[in-house]
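Listed below, chain by chain, are the residues.
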Amino acid sequence: MNRIADDLGTKSISKLILKQAIPASIGILVMSINMIVDTIFVGRWIGVMAIAAITVVLPIAFLISSIGMGVGIGGSSIISRALGANKADKAFEVFGNQISLTIGLSVLFVLFGKFFCLPILQLFGANGDIVIPATEYFHVIILGVPFLAFAMMGNPVIRAVGKPNYAMFTMILPAIANILLDVVFIKFMNLGMYGAGLATSISYAVSGLFILWFFLSKNTELKIVPKYFKFNYSILKEIVSLGGVTVVRQGTISVLVIILNYTLFKYGGEISIAIYGIINRVMMFALFPVLGVTQGFLPIAGYNYGANDSKRVKETIRTSIQFGTAIATVIFIGIMLFPNELVSVFTEDRELLNLTPNALIIAFLATPVITTQLIGAAYFQAAGKALPALLLTLLKQGIFLIPLVFVLPRFYGVNGVWMSFPIADILSTVVTYAYLKREVKLNLN
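Summarised in this report is the structure supplied together with it.

Scoring rules and cut-offs
Residues numbered from 1 in each chain as written. Predicted model: local features only at pLDDT ≥ 70, side-chain atom pairs only at ≥ 80, totals over all residues. Heavy atoms only, no water. Helix = DSSP H or I, 4+ residues; strand = E, 2+ residues; numbered from the N terminus. Rg over C-alpha atoms; globule rule 2.2 N^0.38 Å. Buried < 20%, exposed > 50% of the residue type's maximum accessible area, 1.4 Å probe, protein only. Axes fitted to C-alpha atoms, helices over the stretch in contact; angles between N-to-C directions. Parallel < 35°, antiparallel > 145°, perpendicular 65-115°, else oblique. Left-handed = near helix turned anticlockwise from the far one by under 90°. Phe/Tyr/Trp six-rings, centres within 6.5 Å; stacked < 30°, edge-to-face > 60°. Core = buried A, V, L, I, M, F, W, Y, C linked by side-chain atoms within 4.5 Å. Contact = heavy atoms within 4.5 Å. Expected span 1.5 Å × (residues − 1).

Assigned secondary structure in the protein consists of 19 helices and zero strands. For 445 residues, the compact-globule formula gives about 22 Å, and the C-alpha radius of gyration of the protein, at 21 Å, lands near that figure. Considered along the principal axes of its C-alpha atoms, the protein spans approximately 60 × 45 × 35 Å. Looking at the protein as a whole, 58% of its 445 residues are labelled buried.

What follows is the structure, given as structure tokens:
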């Protein structure tokens, strides 16, 4: 692992960010295209209620699988810092504990989801005509969630050991599988929502099995070693404290989805939930390079923080924010210029075509400023500072967006929901900037 240490500790920060961010961005792009194509297929081949059903169900699946994401990000932070401090044995032990924790918890939560399917769906906003397709989709997709959790755990670890190209493939392969299987199961076999769920579930398995192959292959120095599966409670505590940030964030997003779906249904009916489904897909697709920069930032900042190289940590923060802000500004301009064209990709429904572009423009108004908030929260997670990482991570969705979604629709109707997004972006960015500036001044000089 010394070669990895040499790379992350000595090479140009700009080159390292590009090396990490480009594969991460490509992976997120392909995954986002997959989500968009999935939405297009179900919208055109099944119907508008199918889009609404997916909008309700997927946050539940991602909430369960976020256990793996949390364990992966928390553990990879420890691994990056261990590599920076030249403690390879600790990296192995952390990884073994990550595997055991992810498998155990994800299976437990999947069983819970199967037994309490209808109450969970209703809690997440499956009302009216959405209930039947959502139930059919949920029962199939839940079976693939343990594979998704394992993939989400392994992906940040792959980046932490300096193999960003393989991390990219963990997102590309299942996306390709899902698109191909959608065509087979929905278009040709006419399996409807069951086919859509089956395609997604199999694609999750493809991703998880690729992760398993990677850590059993000769392509990585960090291996799956059964003797490290036994829990080390000091390591578990550190993984949970850092990974809990991601789980709580995803939990907050899930609570937000519940509130959004209920609010949208109250003020605009099922059609408003379908509008949000399209906006959410555009967000995932449009912001892929900004999210790629954030993912690329984590292992570089974590390694150099572990090596006590404050100068390189500060340079990593500054360069990542500059890259991400430039990209986000270009994205913002594109969305402002072509909202109608973006919406028409998803649907031919006249009502959706009339209502969605304006909502899309409002929701993306603060896009140029979001990178500072993302990098600020990611820095504290990379540095192993769980509490500030948690607080900054919750700023947008939890502290600002949820109250805004409660309040603004009372005055502006369904437009109040869309207005909540840019307001929350601006407020969370201002707070994060102030907190990050203070941290740099006190601890990185």
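Next up on the list: the packing of helix 3 (residues 48-84) against helix 10 (residues 233-268). For any two helices packed against each other, the geometry is given by the interaxial angle and the distance between the axes. Where helix 3 meets helix 10, the axes come as close as 7 Å, and the angle between the chain directions of the two elements is 155 degrees. When the interaxial angle is binned, helix 3 and helix 10 end up roughly antiparallel. Two packed elements cross with a definite hand, and for helix 3 against helix 10 that hand is right-handed.

Another aspect to go through is the packing of aromatic side chains. Tallied over the entire structure, the rule returns twelve aromatic pairs. Considering the side-chain rings of F92 and Y228, the 6.3 Å spacing of their centres and the 45 degrees angle between planes classify their relative orientation as tilted. In this pair, F92 sits in helix 4 (residues 88-115) while Y228 sits in the loop between helix 9 (192-216) and helix 10, placing the two residues 136 residues apart along the sequence. According to the relative accessible area criterion, Y228 is buried, its value standing at 17%. Measuring from ring centre to ring centre gives 4.9 Å for Y379 and F380, while their planes differ by 75 degrees; the resulting arrangement is edge-to-face. We note that Y379, like F380, is buried.

Quick look at unusual backbone geometry now. Not every positive phi belongs to a glycine, and N86 is a case in point at roughly 60 degrees. The residue N308 is not glycine, and still its phi comes out positive at about 60 degrees. By secondary structure assignment, the location of N308 is in the loop between helix 12 (288-306) and helix 13 (310-337).

For the rest of this paragraph, the subject is the nonpolar core. Core analysis: the largest hydrophobic core is formed by 95 residues, its most contacted members being L121, I317, Y379, W418 and F421. Looking at which element gives the most residues to this core, the answer is helix 3, with 13 residues. Sequence-distant contacts of I317, that is, excluding residues within four places in its chain, are made with F297, I375, Y379, L436, V440 and L444. Counting 37 residues, the second largest nonpolar core, distinct from the first, contains A21, A151, V157 and I224.

As for its position among the elements, Q20 is in helix 2 (residues 13-45). Ignoring any residue separated from it by four or fewer positions in sequence, one finds Q20 in contact with L8, R159, G162, P164, G296, P299 and I300.

A separate point is the side chain of T356. The topology assignment puts T356 in helix 15 (residues 350-363). Here T356 is in contact with I275, I278, I279 and V343, once residues within four sequence places are set aside.

The subject of this paragraph is helix 12. Under the 1.5 Å per step criterion, the end-to-end length of helix 12 is 28 Å for 19 residues, consistent within 8% with the ideal 27 Å. By the criterion of burial, helix 12 is predominantly enclosed, with 16 of the 19 residues buried. Of the residues flanking the end of helix 12, it is N308, one or two places downstream, whose phi is positive at about 60 degrees.

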